[in-house]
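# A closer look at the structure
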Amino acid sequence: MSHSHTIRLATADDAGGLAELAAVTFPLACPPGATQEDIAEHLRRTLSAEKFAEYLADADIAILAVDDGGELRGYSMLVARPTSEPDVASALTLEPSTELSKCYVHPEHHGLGAAAELMKATIEHAAGTGAAGLWLGVNNQNAKAIRFYEKNGFRKVGTKSFQLGGSVEHDFVMERALHV
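Residues numbered from 1 in each chain as written. Predicted model: local features only at pLDDT ≥ 70, side-chain atom pairs only at ≥ 80, totals over all residues. Heavy atoms only, no water.

Our focus in this paragraph is the overall build of the protein. A tally of helices and strands in the protein yields 6 helices and 7 strands. Reading the secondary structure of the protein in the N-to-C direction produces β-α-α-α-β-β-α-β-α-β-α-β-β. The principal-axis extents of the C-alpha atoms in the protein amount to approximately 40 × 40 × 30 Å. Counting the 180 residues in the protein, one finds 46% classified as buried. A separation threshold of at least 6 residues defines the contact pool for the protein, and within that pool the share at least 24 residues apart is 67%. For the protein, the computed accessible surface area is about 8900 Å², with 53% contributed by carbon and sulfur atoms. Taking the average location of the 15 positive side-chain charges in the protein and that of its 24 negative ones, the two points are 6 Å from each other. (Helix = DSSP H or I, 4+ residues; strand = E, 2+ residues; numbered from the N terminus. Buried < 20%, exposed > 50% of the residue type's maximum accessible area, 1.4 Å probe, protein only. Contact = heavy atoms within 4.5 Å. Areas by Shrake-Rupley, 256 points an atom, 1.4 Å probe, with all protein chains shown as cover. Lys, Arg positive; Asp, Glu negative; His and termini not counted. Charge placed at Lys NZ, Arg CZ, Asp CG, Glu CD.)

Here it is, written out as structure tokens:
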């Protein structure tokens, strides 16, 4: 496996590859109690090739991809518009704020620095849009992800609920300043 990956903006041609990657990475971020049915439904509803094509066509959304010789090994998705979630809006302290909606690296690339590089590029991209802050929601049981985000300057500012199939999950809302 090479370590000669690049991080670039995803294009419409990447929709299928992003959906394939999401099918591998999303289940890893789910809480232990999540059912296979709920995970599969979430993938179908929000992480299909068709949905990625919609995201890529949306001017408010940027997707950065970790490209390893044409293979997508990670991605992040930034949504540069105000949140519609009251729990989130009341927790955020920095405006305008961009949501880090997704940030995943293929498990074969964990521990190789790809996640840190992807996060650095994602933060730089969001800062370049003029946003004051970057926020995300992370499952409150995902200790590994929470540590990673804290290491990258995020801090817990609130909580929000997340519907995953038949269960309601509880996420921490985390935020970081983009211009220090």
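This next bit is on the packing of aromatic side chains. Within the structure shown, the criterion is met by 5 aromatic pairs. Aromatic pair Y75 and Y104: ring centres 5.7 Å apart, planes at 45°, arrangement tilted. In this pair, Y75 is assigned in strand β3 (residues 71–79) and Y104 in strand β4 (residues 97–105), connecting sequence segments 29 residues apart. Residue class for Y75 comes out buried when judged on its relative accessible area of 0%. Taken together through their ring pairs, the aromatic side chains of F52, Y55, Y75 and Y104 make up a single cluster. (Phe/Tyr/Trp six-rings, centres within 6.5 Å; stacked < 30°, edge-to-face > 60°.)

With that settled, consider the layout of surface pockets. There is about 1500 Å³ of room inside the largest pocket. Lining the largest pocket are 50 residues, and of these S101, K102, C103, Y104 and Y149 lie nearest its centre. If you list the elements that add at least two residues to the lining of the largest pocket, you get α1 (15–29), α2 (36–46), β3, β4, α5 (114–128), β5 (133–139), α6 (143–151) and β6 (155–164). (1 Å grid on protein atoms, 1.4 Å probe; cavity = no way out; pocket = protein on both sides within 12 Å on 5 of 7 lines; lining within 4 Å. Points joined across faces, edges and corners; volume = space filled by probe spheres on them.)

Below, the discussion takes up α5. With 15 residues, α5 should reach 21 Å at 1.5 Å per residue; the first-to-last C-alpha distance of 21 Å fits that figure. What α5 keeps buried is the set A114, L118, M119, A121, T122, I123, A126 and A127. In the stretch just after α5, G130 is the one whose phi turns positive, near 95°. (Expected span 1.5 Å × (residues − 1).)

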